[in-house]
Amino acid sequence: MGEKILFIMHLPPPVHGAAMMGQYIHDSRLINESFDCLYINPSASNNISEVGKLNMRKFFFFFKLQYKIIKALIQYKPDLCYYTPTSDGTGIYRDMLTIGLFRLFHKKFILHFHNKGVSEYSQRPYTHWIYRRNFKKAKVILLAKELQKDVKQFVSSDSIFFLPNGIPTTINEAEYHKVLLQRNQTKRKVRFLFLSNMLTEKGIWVLLKACQLLKEGKREFECHYVGNTGDVSPAYFRKSVETLGLQNQVFVHGPKYGKDKKIYFTQSDVFVFPTYYHGETFGLVLLEAMEYGLPCISTFEGGIPSVVEDAKTGFLVPQRDANVLSDKMAYFIEHPEMRSVMGDNGRKRFLSCFTIDKFEQHLRDILDSCVNKTMQ
């Protein structure tokens, strides 16, 4: 085996981008064959609604976690510690203690950020000092170059690596062409798909307003919401759909996984993700949509401009702007040929930049670079 790496990273549940990437790393044959790996899951939340909220169970879990980390540092003796910290909120205090353990045991460490908010939260009392402490001598992985501005006051550019997320391929070329053939031959209303946790900041109400505008404009369409409960339950959202008289246009399905989720990608025409989520950095679900040849409508948030190429693989719209969003949705209703062109561009971009193989290879190179350099 190679050098020892202690991975402290989130794993499902709950299901979110950072946890899914943690699972991919945990299951990666390349990473596990390249290094001697030990994994610790620091997540104390069982569902997405618990993330960021404090309770007594989490309080006791924290001390149990610190014990596990100390034990690993003493017995396992890692050459490098890989850690996925939070960017803002009370979690930065937990991070300070965990990173403090790395320093206490004189361990190299690298911080992989799947969220953002450092620049804003550092304006609060005492937090600037904590960030300076957490980032001192740290190597940092960011998902996109747009996110460098969030940490630039604490981390020099030569200590930053850029590593876009990647996902496993789930549809081969033959299957993909069958999906395209079915889309082109089936005469039906244009189907828009939203797939994420049902969070207000993911843009669920903005999209609903855009659907209302499309209906008022007498557009023929369907919009399907797929996702787990966030700060809005699917049942409550359905009632809102009925109140607006959109029950023949908007459909709410709850969470779908595996083959069930695949059906929604294959049977949709356009993916819509109007997020303004404060911690949004990448939009992993956009990669899933691109793999299935869906043009994407999203926002100028986090690193999303590094994923969706505006006017080439879809459109980027201003946040919380239902009018512009409805205009872009109407464009795809009126221009079926551009759905095909932009969707195909998106799939090519996915295969070129965002597969799990490319992610694993890049991550291995980053970890190898860090573990074989003398700690500053």
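Overview of the structure.

So, how was this worked out
- Residues numbered from 1 in each chain as written.
- Predicted model: local features only at pLDDT ≥ 70, side-chain atom pairs only at ≥ 80, totals over all residues.
- Heavy atoms only, no water.
- Phe/Tyr/Trp six-rings, centres within 6.5 Å; stacked < 30°, edge-to-face > 60°.
- Helix = DSSP H or I, 4+ residues; strand = E, 2+ residues; numbered from the N terminus.
- Buried < 20%, exposed > 50% of the residue type's maximum accessible area, 1.4 Å probe, protein only.
- Lys NZ or Arg CZ within 6 Å of the ring centre and 35° of its normal.
- Contact = heavy atoms within 4.5 Å.
- Core = buried A, V, L, I, M, F, W, Y, C linked by side-chain atoms within 4.5 Å.
- Patch = residues over 30% accessible without salt bridge, like charges linked within 9 Å, V, L, I, M, F, W, Y side chains within 5 Å.
- Areas by Shrake-Rupley, 256 points an atom, 1.4 Å probe, with all protein chains shown as cover.
- Salt bridge = Lys/Arg side-chain N within 4 Å of Asp/Glu carboxyl O.
- Expected span 1.5 Å × (residues − 1).
- Disulfide = S-S within 2.5 Å.
- Pairing = 2+ DSSP bridges.
- Axes fitted to C-alpha atoms, helices over the stretch in contact; angles between N-to-C directions.
- Arc of directions from axis to C-beta.
- Polar contact = N/O pair within 3.5 Å; in protein donor to acceptor, adjacent residues only side chain to side chain.

### Here's the deal with the packing of aromatic side chains
For the structure shown, the criterion picks out 22 aromatic pairs. Here Tyr225 and Phe237 contribute two aromatic rings whose centre-to-centre distance is 4.6 Å and whose plane-to-plane angle is 55°, an arrangement assigned as tilted. With a gap of 12 residues between them, Tyr225 in strand 8 (residues 221-226) and Phe237 in helix 10 (residues 234-243) connect regions that are remote in the sequence. Tyr225 sits in the buried class, given a relative accessible area of 0%. Every member of this aromatic cluster is reached through a ring pair, and the members are Phe194, Trp205, Tyr225, Tyr236, Phe237, Phe265, Phe271, Phe273 and Tyr292. The positively charged end of Lys328 is found above the aromatic ring belonging to Phe315, 4.4 Å away from the centroid. One cation-aromatic arrangement involves Arg347 over Tyr176; the distance from NZ or CZ to the ring centre is 4.3 Å.

### Description of the environment of Cys211
Within the secondary structure, Cys211 sits in helix 9 (residues 204-216). Residue class for Cys211 comes out buried when judged on its relative accessible area of 0%. A C-alpha to C-alpha distance of 13 Å links Cys211 and Val252, two positions 41 residues apart in sequence. When residues no more than four places from it in sequence are discounted, the contact partners of Cys211 are Phe221, Cys223, Leu246, Val250 and Met329.

### A few points about the nonpolar core
One finds Tyr82, Tyr225 and Phe271 to be the most contacted residues of the largest nonpolar core, which totals 86 residues. With residues up to four places along the chain from it excluded, the contact list for Tyr82 reads Ile5, Leu6, Phe7, Ile8, Met9, Ile25, Ile110, His112, His114, Ile141, Leu363 and Leu367. One finds Ala72, Phe102, Phe154 and Ile160 within the second-largest nonpolar core, a separate group that totals 29 residues.

### Let's talk about a nonpolar patch on the surface
A cluster of nonpolar side chains, namely Phe59, Phe60 and Phe63, defines an oily patch on the protein surface of about 350 Å² accessible area. Following the sequence through the fold, Phe63 ends up in helix 3 (residues 56-75).

### A closer look at helix 9
Given 3.6 residues per helical turn, the α-helix brings residues three or four places apart onto the same face. Its 13 residues place the ends of helix 9 19 Å apart at the C-alpha level, agreeing with the 18 Å of an ideal helix rising 1.5 Å per residue. Buried within helix 9 we find Ile204, Val206, Leu207, Leu208, Ala210, Cys211, Gln212 and Leu214. Among the residues trailing helix 9, Lys218 stands out with phi positive, at a value near 60°.

### Examining unusual backbone geometry
The omega torsion across Pro12 and Pro13 is -5°, close enough to zero to call that bond cis. Take Pro13: it is sitting in the loop between strand 1 (4-8) and helix 1 (17-27). You will see that Lys77, though not glycine, has its phi angle at about 55°, which is positive. Since its relative accessible area comes to 52%, Lys77 is described here as exposed. Phi is positive for Arg320, close to 60°, though the residue is something other than glycine. Its location among the elements puts Arg320 in the loop between strand 12 (314-317) and helix 13 (322-334).

### Things to note about the state of the cysteines
Following the criterion strictly, the structure yields zero disulfides and no others. The structure places no disulfide on Cys37, whose sulfur is separated from the nearest cysteine sulfur, that of Cys81, by 12 Å. Classification of Cys37 by relative accessible area gives buried; the value is 17%. There is no disulfide at Cys370, and the cysteine sulfur nearest it, in Cys81, is 12 Å away.

### Overview of the pattern of salt bridges
The tally for this structure, following the rule as stated, stands at 13 salt bridges. Lys116 is the salt-bridge partner of Glu301, the closest N and O atoms lying 2.6 Å from each other. Here the residue Glu301 occupies a position in the loop between strand 11 (296-299) and strand 12, and Lys116 occupies one in the loop between strand 4 (108-112) and helix 5 (118-121), the gap between them amounting to 185 residues. In this structure, Glu301 and Lys116 share a single accessibility class: buried. Between Lys189 and Glu220 there is a salt bridge, and its shortest N-O distance comes to 3.8 Å. Note that Lys189 is positioned in the loop between helix 8 (173-185) and strand 7 (190-195) and Glu220 in the loop between helix 9 and strand 8, a separation of 31 residues in sequence.

### Comments concerning the sheet that holds strand 11
One open sheet accounts for six strands, arranged 9-8-7-10-11-12; its pairing is parallel. The open sheet has two edge strands, strand 9 (250-252) and strand 12, and neither has a second partner. Neighbour-to-neighbour, the strand axes of this sheet turn through a mean angle of 20°, independent of strand direction. Across six bridges, strand 7 lies against strand 8 in parallel orientation. Each residue of the ladder has a partner; that of Leu195, found in strand 8, is Val226. This element, helix 11 (residues 258-266), spans strand 7, strand 8 and strand 10 (270-272) of the sheet and lies at about 140° to strand 7. Those strands touched by helix 12 (residues 284-291) are strand 7, strand 10 and strand 11, and its axis lies near 165° from that of strand 11.

### Topic: helix 8
The first and last C-alpha atoms of helix 8 sit 18 Å apart over 13 residues, in line with the 18 Å expected at 1.5 Å per residue. Listed in full, the buried residues belonging to helix 8 are Tyr176, Val179 and Arg183. Down the axis of helix 8, the buried side of the element spans an arc of 60°, and every buried residue falls inside it. Relative to its buried face, helix 8 has exposed residues pointing more than 90 degrees away, namely Ala174, Lys178, Asn184 and Gln185. Elements in contact with the buried residues of helix 8: helix 11, helix 12 and helix 14 (336-353). Two or three places before Ala174, at the start of helix 8, stands the capping residue Asn172, its side-chain oxygen 3.2 Å from that residue's backbone nitrogen.

Limitation: the analysis is restricted to geometry and does not speak to function.
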